[in-house]
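Spelled out, the chains give:
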Amino acid sequence: MASMKEYARIVRDVVLEHASYKPSHGEIDVEAIIDAEQGHYQILHVGWQGKRRVHGTPLHIDLIGEKVWIQYDGTSSGVARELVEAGIPRESIVLGFKPASVRPHTGYAVS
């Protein structure tokens, strides 16, 4: 099993990779927000799409205890799959955006 330090590196790399993708529509900036000390990793979209203001978090991951918690995944590819491919075992990933009653049926950690 990899260490939490290794998990943090993997999560950071995945977040930075996703932050390099600029939306094809609107004038939207993409920011990677990384607080490695507290274990918080997010992507922020901010800008304008026509007359509509855009401000949202399409990806939010936290390191809690010995687990990687995906709090929100608005990616098209599915960040959990990417984390597994990068070396984090499924049993170390919690799909925090799923209700606790559903998590036992996801193939990932419950909590």
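Residues numbered from 1 in each chain as written. Predicted model: local features only at pLDDT ≥ 70, side-chain atom pairs only at ≥ 80, totals over all residues. Heavy atoms only, no water.

Visitor: What exactly am I supposed to notice about helix α1 (residues 4-19) here?
Guide: For α1, which comprises 16 residues, the first-to-last C-alpha distance of 22 Å matches the rise-based estimate of 22 Å (1.5 Å per residue) to within 8%. Taken together, the buried positions of α1 are occupied by M4, Y7, A8, I10, V11, V14, V15, H18 and A19. Where α1 is buried, its residues touch β1 (27-35), β2 (40-49), β3 (52-64), β4 (67-73) and α2 (79-85). (Helix = DSSP H or I, 4+ residues; strand = E, 2+ residues; numbered from the N terminus. Expected span 1.5 Å × (residues − 1). Buried < 20%, exposed > 50% of the residue type's maximum accessible area, 1.4 Å probe, protein only. Contact = heavy atoms within 4.5 Å.)

Visitor: Explain the packing of aromatic side chains here, please?
Guide: The geometry of an aromatic ring pair comes down to the distance between the two centres and the angle between the two planes. Under the counting rule described, the total for this entry stands at zero aromatic pairs. Across the ring face of Y108, the terminal group of R90 is positioned such that the distance to the ring centre comes to 4.0 Å. (Phe/Tyr/Trp six-rings, centres within 6.5 Å; stacked < 30°, edge-to-face > 60°. Lys NZ or Arg CZ within 6 Å of the ring centre and 35° of its normal.)

Visitor: It is not clear to me how the pattern of salt bridges should be interpreted in this structure. Could you clarify?
Guide: Oppositely charged side chains are able to pair whenever their charged atoms sit close together. Counting across every chain of the model gives four salt bridges. Of the charged contacts, one joins R9 and E6 as a salt bridge, the two residues approaching to 2.6 Å between their closest N and O atoms. Here R9 and its partner E6 are both found in helix α1, three residues apart, which amounts to about one turn of the helix. Classification of R9 by relative accessible area gives partly exposed; the value is 37%. Within this structure, E6, R9, R12 and D13 form a network of salt bridges that share partners. (Salt bridge = Lys/Arg side-chain N within 4 Å of Asp/Glu carboxyl O.)

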